[in-house]
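Architecture and fold: a report
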Amino acid sequence: MRKSLFATAAVASALAAAVIAPGVSNAADTVVTFTVAGGALTITAPATQALTVTGNQATGGITPVVVSDQRRGINGWVASAVSTAFTKAAPNPASIPATAVAYQGTIATITGIAVVTPALAPVIDTTKAVQTATAVIGANTATWTGNVTVTLPTNVVAGDYSGTITHSVA
């Protein structure tokens, strides 16, 4: 009986060891991959905007101007603007030169990660930076109002004037 008790204890001990610490381990690793695609860098602005004349200036805001950077990178961007001359049609044609046009972007509302800084009221007779994004990480958007001031010359002729302000981003 004593041998049988020892044999039973030995078998139980071996069985417990096998259940608690199995001698064979199974594992299967899977390397999982995916691609994050970058998108486009775009700028949008309203098709038309009316300015208000007060004294010797025509002023107003082009809103919203939106840069959407879906490139998902770390490169910043520069938004620019340029103006044509403002002209008046017949019967008394007249023109206000683009050198009379200044642009001041407001502080941008940002989604994503970017530091966006407006330029200090450049005259936009040639393409000039109006907002600059730095410290970009991933996708971001910036939305602002472009405040336009057209200084009227002293010899301005009464009438309806129109010109084009073109926004771009690179």
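Residues numbered from 1 in each chain as written. Predicted model: local features only at pLDDT ≥ 70, side-chain atom pairs only at ≥ 80, totals over all residues. Heavy atoms only, no water.

Our focus in this paragraph is the overall build of the chain. The number of helices and strands found in the chain is one helix and eleven strands. Along its sequence from the N terminus, the chain presents helices and strands in the succession α-β-β-β-β-β-β-β-β-β-β-β. Here the chain holds 170 residues, and 25% of them are scored as buried. The contacts of the chain with a sequence gap of at least 6 include a subset with a gap of at least 24, amounting to 72%. Taken as a whole, the chain presents about 10,700 Å² of accessible surface, with 62% of it coming from carbon and sulfur. (Helix = DSSP H or I, 4+ residues; strand = E, 2+ residues; numbered from the N terminus. Buried < 20%, exposed > 50% of the residue type's maximum accessible area, 1.4 Å probe, protein only. Contact = heavy atoms within 4.5 Å. Areas by Shrake-Rupley, 256 points an atom, 1.4 Å probe, with all protein chains shown as cover.)

Another point: the sheet that holds strand 5 (residues 86-88). Pairing is antiparallel across the open sheet formed by three strands, whose spatial order is 6-5-10. In this open sheet, the two strands that pair with only one neighbour each are strand 6 (94-96) and strand 10 (161-162). Across three bridges, strand 5 lies against strand 6 in antiparallel orientation. Counterpart to Thr87 in the pairing with strand 6 is Ser95. (Pairing = 2+ DSSP bridges.)

This part is about the packing of aromatic side chains. Here a ring pair, both rings aromatic, is described through the centre-centre distance and the interplanar angle of the planes. Per the counting criterion, the structure on display carries one aromatic pair. Centre to centre, the rings of Trp77 and Trp144 are 6.5 Å apart; their planes meet at 15 degrees, and the pair counts as stacked. Of this pair, Trp77 sits in strand 4 (residues 77-83) while Trp144 sits in strand 9 (residues 128-151), and the two are 67 residues apart along the sequence. For the pair formed by Trp77 and Trp144, the shared burial category is buried. (Phe/Tyr/Trp six-rings, centres within 6.5 Å; stacked < 30°, edge-to-face > 60°.)

Our next topic: the pairing of strand 9. Across eleven bridges, strand 3 (residues 57-69) lies against strand 9 in antiparallel orientation. Bridge pairing in strand 9 places Thr59 opposite Thr149. As defined by bridge partners, strand 4 adjoins strand 9 across five bridges and the pair is classed as antiparallel. From the neighbouring strand, Trp77 faces strand 9, where its bridge partner is Ala133. Where strand 7 (residues 101-105) lies against strand 9, five bridges are found, and the strand directions are antiparallel. Bridge assignment links Ala102 to a residue of strand 9, and that residue is Thr149.

Mapping Asn140 onto the fold places it in strand 9. Among the polar contacts listed, one links the side chain of Asn140 to the backbone oxygen of Gly138, at a separation of 3.4 Å. Setting aside residues no more than four positions away along its own chain, Asn140 makes contact with Val67, Ser68, Asp69, Gln70, Trp77, Thr111, Gly112, Ile113 and Ala114. (Polar contact = N/O pair within 3.5 Å; in protein donor to acceptor, adjacent residues only side chain to side chain.)

Before going further, it helps to examine the nonpolar core. The biggest cluster of nonpolar side chains holds 25 residues, and the ones touching the most others in it are Trp77, Ala79, Tyr103, Val116, Trp144 and Val150. Take this core: its biggest share by element is seven residues, from strand 9. (Core = buried A, V, L, I, M, F, W, Y, C linked by side-chain atoms within 4.5 Å.)

Together, Ile74, Ile113 and Ile137 make up a nonpolar patch on the protein surface, roughly 330 Å² of accessible area in all. Tracing the backbone shows Ile137 in strand 9. In this structure Ile137 comes out as exposed when scored by relative accessible area, which is 52%. (Patch = residues over 30% accessible without salt bridge, like charges linked within 9 Å, V, L, I, M, F, W, Y side chains within 5 Å. Salt bridge = Lys/Arg side-chain N within 4 Å of Asp/Glu carboxyl O.)

Our focus in this paragraph is the environment of Ala139. Tracing the chain through its elements places Ala139 in strand 9. Here Ala139 falls in the partly exposed class, since its relative accessible area comes to 23%. Distance in space between the C-alpha atoms of Ala139 and Ser68 is 7.9 Å, their sequence separation being 71 residues. The residues contacting Ala139, other than those within four sequence positions of it, are Asp69, Gln70, Arg72, Thr111, Gly112 and Ile113.

Purely spatial values, then, with no claim about function.
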